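# An overview of the molecular structure
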Amino acid sequence: MKIAVYGASGYTGKLMITELRRRGFGAVLSGRNAERLRDAVEAGVTDVEVRPAGTDDESALVEAFRGCDAVINCAGPFISVGEPVVRAAIAAGCHYVDTSAEQLFLQRIFDTYAEDAKRAGVSVVPAMGYDILPGDMIAHLTAERVEPVEELTIAYRVGEFDMTRGTIRSAVEMIKGGDLVYEDGEWGRGGIPAKRTSFAYPGDSEESPTVRWPGAEIVSVPRHVRTHRVEVIIDAAAFTPEMSALLQSPADEVDMFVSGLPEGPSTDRRPAATFTVAEALGDDGRQARGVVQGVDIYEITAVIAVEGVRRLIDDGAIGGVLAPAQAYDCAGFLDFLAPHGTTWNVAITS
Ligand SMILES: NC(=O)c1ccc[n+]([C@@H]2O[C@H](COP(=O)([O-])OP(=O)(O)OC[C@H]3O[C@@H](n4cnc5c(N)ncnc54)[C@H](OP(=O)(O)O)[C@@H]3O)[C@@H](O)[C@H]2O)c1
């Protein structure tokens, strides 16, 4: 099994290479800058290949992916960098997964590449990181207990989360780029406040203030859950004064500020706890609640993406663009993450 990692010079790309080698899979490092790719290869490592190619040269990208079984794309922000990599993976006959969580990117991939992927007989599964796969899957598992669903809420809480430079850049793109709403079978432009303004997170006796979040589940979940509405919210505490100030700044100031930050959290700062909670209200008034809890967003993202391509290659999946919950057995995939600190449960609450 040979897997190409695009954006292999980045914080997450390097974790992908480590995970591929831990699993005993062949790794090809790809990205726009040959020197940074070579720097990403740890001293003494000889069982990886380096194949540089920029996103502005699609034939070079196709050649870089040629002979690989799958591509894991970690180069972001995806809305500006991602599409040529998707096209090249399909053209090279490779399955494709990525670590995107950007709503508008996901919508574009579903809208544009479904037929091409189907014709090529490959599966394209975006959003295969800790953010969004658990949210997409727990929404599916929760909703199926009360389907058809009137209202589905996905609520995030992240504690002590040190972001990488790439995550900050993507988050700024997500928030500034506008968002989508899903209601009664249609996606429309968002920009409106959340219906839900507070939420009781696991272990809390009181509700905490929440705000609307442009989660990619708005795009992925309606493809596999029958629901009138989907809303994604986040604990309002995530919007620190520093984050709010960054979002008001012009793009060049954001870029300069982010470039001066460390690449990402040190290993001992990584294991921040996260909760993703899905609440589904059925048309008949029954309510179900599902919770996924995990640690170390970056390491688990590498575990998820590598297992994701392994399953596509070994077990097969239908060709086309798929949400995580369409490509895999949800309970089986979340169970696979248990040794890496992920737990999940679903219960009928009323
Ligand atoms: N969903 C999740 O849970 C999750 C988890 C982890 C990461 N992510 C996402 O993954 C992405 C990468 O994160 P990171 O932490 O690895 O960031 P990072 O350390 O800043 O790395 C960014 C990578 O993207 C490449 N890149 C940037 N612009 C490019 C361009 N125009 N053409 C080609 N390559 C380009 C960089 O290449 P150079 O080295 O040449 O600059 C580098 O390899 C972000 O979008 C982040 O949000 C998501």
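Throughout what follows, the structure given in this document is the object of discussion.

Once that is clear, we can look at the site of the ligand. Lining the immediate surroundings of the ligand are 26 residues, of which Ser9, Arg36, Asp131, Thr164 and Ser170 lie closest. Measuring from a nitrogen atom of the ligand, one finds a backbone N or O atom of aspartate 131 at 2.3 Å. Protein chains shield 88% of the accessible area of the ligand, which is 920 Å² for the free molecule. Residue assignment for the shell around the ligand shows that the elements contributing at least two residues are helix H1 (11–23), helix H4 (78–91), helix H7 (165–176) and helix H11 (297–315). Counting residues per element, the shell around the ligand draws most heavily on H7, at three residues.

Topologically, threonine 274 is positioned in strand S13 (residues 273–282). A polar contact is formed between the side chain of threonine 274 and the side chain of tyrosine 130, at a distance of 3.1 Å. Discounting chain neighbours no more than four positions away, the residues touching threonine 274 are Tyr130, Arg157, Val158, Val292, Gln293, Gly294 and Ile297.

Before going further, it helps to examine the pairing of strand S5 (residues 95–98). Burial along S5 is two-sided: the residues His95 and Val97 and Tyr96 and Asp98 are all buried. Here strand S4 (residues 70–73) runs beside S5; their pairing, made up of four bridges, is parallel. By the bridge assignment, valine 71 is partnered in S5 with tyrosine 96. A crossover links S4 with its parallel partner S5, the connecting element being H4, and its sense is right-handed. In this structure, S5 lies alongside strand S6 (residues 123–125), joined through two bridges in parallel fashion. Bridging from a neighbouring strand, valine 97 pairs with valine 125 of S6. Note on the crossover from S5 through helix H5 (residues 103–120) to S6: the handedness is right-handed.

On to the sheet that holds strand S2 (residues 26–30), then. Reading across the sheet, the seven strands line up as S3-S2-S1-S4-S5-S6-S15 and stay open at both edges, with parallel pairing between neighbours. The sheet is open, and its two edges are formed by strand S3 (48–50) and strand S15 (320–321), each paired on a single side. Across the sheet, H1 lies against strand S1 (2–6), S2, S3 and S4, angled at about 170 degrees from S1, the strand it touches most. Those strands touched by H11 are S1, S4, S5 and S6, and its axis lies near 160 degrees from that of S4.

Two faces, one strand: in a regular strand the side chains alternate between the faces of the sheet. Sheet analysis places strand S8 (residues 180–183) next to strand S9 (residues 186–189), joined by four bridges and oriented antiparallel. Bridge pairing in S9 links glutamate 183 to glutamate 186. Where S8 folds back on S9, the antiparallel hairpin that results is connected by two residues, among which aspartate 184 adopts a positive phi of roughly 50 degrees. Note: S8 against strand S12 (residues 227–235), two bridges, orientation antiparallel. Counterpart to glutamate 183 in the pairing with S12 is arginine 229.

Here is what the cut-offs are and how they apply
Residues numbered from 1 in each chain as written. Predicted model: local features only at pLDDT ≥ 70, side-chain atom pairs only at ≥ 80, totals over all residues. Heavy atoms only, no water. Near = heavy atom within 4 Å. Polar contact = N/O pair within 3.5 Å; in protein donor to acceptor, adjacent residues only side chain to side chain. Areas by Shrake-Rupley, 256 points an atom, 1.4 Å probe, with all protein chains shown as cover. Helix = DSSP H or I, 4+ residues; strand = E, 2+ residues; numbered from the N terminus. Contact = heavy atoms within 4.5 Å. Buried < 20%, exposed > 50% of the residue type's maximum accessible area, 1.4 Å probe, protein only. Pairing = 2+ DSSP bridges. Right-handed = clockwise from strand over helix to strand, strands pointing away. Axes fitted to C-alpha atoms, helices over the stretch in contact; angles between N-to-C directions.

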